[in-house]
Structure formats: C-alpha cells, structure tokens
Amino acid sequence: MTIRVNRRTALGLGTVATAGTVFGPSVPAAAEPGPAATTSAEPGQAGTTAAQPGPAGGTGSAERRSAVARVAAAYRRETGRAGGNWQAYVSLTSPTGGDPLVAVAESADRRIEAYSVNKIAVAVAVLDKVDRGLLTLDQRVEVSAAIVVPGGDGIFSLDGAYPSQVTLGHVLANLLTVSDDTAVRLCGLVCPAAELNQILQAKGFPNTQVQPVANPNRFFLGTSTPRETHDLLRALVGGTLLTPSSTDVVLRLLRAPVAFTDGIRREMSSAQRARIATKAGWFADARHEAGVIFDAAGAPVLTYALFADGQPGADDYGATHPAVAARARLGRRFLDATDRVGGSGTRHRAHPHRPSNGG
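Residues numbered from 1 in each chain as written. Predicted model: local features only at pLDDT ≥ 70, side-chain atom pairs only at ≥ 80, totals over all residues. Heavy atoms only, no water.

**Remarks on unusual backbone geometry**
Next up, step 1: Omega for the peptide link from Tyr 162 to Pro 163 comes to 0 degrees, which places this bond in the cis form.
Next up, step 2: With respect to the helices, strands and loops of the structure, Pro 163 is situated in the loop between α4 (156–159) and β5 (164–167).
Next up, step 3: The backbone phi angle of Ser 107 is positive, close to 50 degrees, even though this residue is not glycine.
Next up, step 4: Looking at the element boundaries, Ser 107 is found in the loop between β2 (101–106) and β3 (112–113).
Next up, step 5: Backbone geometry places Ala 284, a non-glycine residue, at a positive phi of 50 degrees.
Next up, step 6: Classification of Ala 284 by relative accessible area gives partly exposed; the value is 23%. (Helix = DSSP H or I, 4+ residues; strand = E, 2+ residues; numbered from the N terminus. Buried < 20%, exposed > 50% of the residue type's maximum accessible area, 1.4 Å probe, protein only.)

See below:
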C-alpha cells in the first residue's frame, strides 16, 4: 500500500481514511459512547452508534430513518467518487427537539486545519463581544494598505485606495459572504487571537481555535474538528451561542445570495439556496464546507461539516474541483432526502431578496 504524505501529515495533524462510513441513526453529537451499543472506530476510521427505533413520528420513525440512510448513502457514494481523504459529521434533527440522528461520522474528532470554515468561529467571537456591549456593529475600523492581504480572496484587496474606514458590520458581511481574507485581519483589530480563543474555549470549543502569530492582532485561521464545527452550528441555530440579533447576523450572511454557491448550494433554485447557511474554506489541497439546511418554515433539519483534502487539482479553486463537485451533488441529495421530514427547533426565516436594477 502506498502512503501519501500531504500537507496535513507534514504538519503533524495525521492522515484520514477515505470514505467508508457506517451509516444509520446514531447517538447524539454530544453524547459519550457507552459500553452497551457502541460500534467503535479507531482514529482515522469511520464509526457510528446505532440508535434504537422510536415511536412513529419520533426520532426513529421510518421516514426519518430512511432520510438518514439516504444521506449516508449519498455521502459514501460521492466521496468515494471524488477520492482523497474525507472527515465529516452530518446529522438530522429530531422532530421532538431531542438529540439529532447522526448520518455520517467519519474521523469526526480529528483536529484538522479548518481554513475559512473557521471564519464562522471568528464571527461568533466578535459578536460575543457585541452581545456583551464591548463592541458595536456600527463602530469603524481603519483599512490601511498594510493590513490588506495582497491577492487574497474578497473585496478589500480589490479596492486599491487606502486608507479607508468601514463599519464592523461591513467587515463581518465580507468575512462570511465572499470569505474576505483582509476581513480576518480587521476582526483581529477588535478581537485579538488570545481573546478569540478564550471566547471559543469558554463556549465549549477547545479544538476550534485560531493560530496566533507574533502580532497579537493577527492569526492564521487554525483548527477544528468535524464534530466541533457541527456542534457550533447546532448551538448557533439553537440560540445558545449568541443573542437572537447576533445569531440573525451570522445566518443572514451565510444564507445570502452572494454567499458561497459552488458547493452544497450549486444545484438549487434561489429559493432553495436561501434555505441553506453555508461557509466554505479552501487552501492548498483542502476543500471544506459546513452549514445548516433549513426546512421551508425556517427550522433547521440537517447540519453538515465536510472536510476534504488529497483530491487531484490542488490549483483548481473553482466548481470543477472533485471535492467541490462532490459537495454540489451532495447538496442536492441532502435537500431531497430531508424535504419530507421537516426540521425542529427555533425557526430562522430567510430575509427577503429583492433584486434591484439600480435607481
């Protein structure tokens, strides 16, 4: 067997198994596996824990169990087709508001470089300070020439006229929609790396951490695990992470028409895209995406954290990359599989989108 050494291996973060997830309803994301119904998995291998059938309409209903199986089968098929390494955690909500049903758990606790998916965590930390009255969305930050990431993704590197001033709300809008790299540095001006990590640790996410550098106001986007990214998203839509107003800021941006559409949201209508809050991350040979699918009434129905690396085409950051194309097919299948089961919990209705012709 040939062992492939990739960038993650070189950094000491380990290798992962290719797709081969054991699928079906399983224990909740936050539950500790017990001795009685556990299918164990060695590090780097896939594993889930079987759930007991519930009453009709409950978490073990035939229709919901069928949706879980369809999601898992689609994941296995599409990731196998794309090749490379996959680390993932995907669950469906319970209609009773209880623990979710896990459809996919592959290397779910492997700590890996999250790249721009961690911009959600950065936004959460900044908005936590807003919720505590330490920052305001209308306060201004300066965009100097020195702080702009040259050639980076986003808007700020295209301005060509510095210095300028923008509001913190404008920074977050660019951070979560067009995945602006300079917006990360601007967030660091108001929430330094050490403080950002402390906020995330206090909220229960010790593996979702940015990587500090010599300048305390700058950082690399750092690491997470599929399970922690999944759980952070569930906490967000569940209303336990931020205030309702700050929660709405994050979800409104991640569901916006200008947010990422090459992956999960690609093969969908504009109305269907508005039902999905998603954030992608890409660097070197890695192509990641995480988010939440809502039902037509705005209740969360499926949460996904999909991390991939090692596929061919590392220099292709477009929709034709094998992992991105796989996520596009998965998005369509996830949506179709969950359309009949409905979500549960707090409803987050999409903001109206009214195209304009100027004037």
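**Description of the pattern of salt bridges**
Next up, step 1: Considering all chains together, one arrives at 14 salt bridges under this definition.
Next up, step 2: Note that Arg 332 is salt-bridged to Asp 336, the shortest N-O span being 2.8 Å. Of this pair, Arg 332 and Asp 336 are both found in helix α11 (residues 322–338), 4 residues apart, which corresponds to roughly one turn of the helix.
Next up, step 3: Using a relative accessible area of 22% as the deciding quantity, one classes Arg 332 as partly exposed.
Next up, step 4: Within the structure, one salt-bridge network assembled from shared partners comprises Arg 77, Glu 78, Arg 81, Arg 329 and Arg 333. (Salt bridge = Lys/Arg side-chain N within 4 Å of Asp/Glu carboxyl O.)

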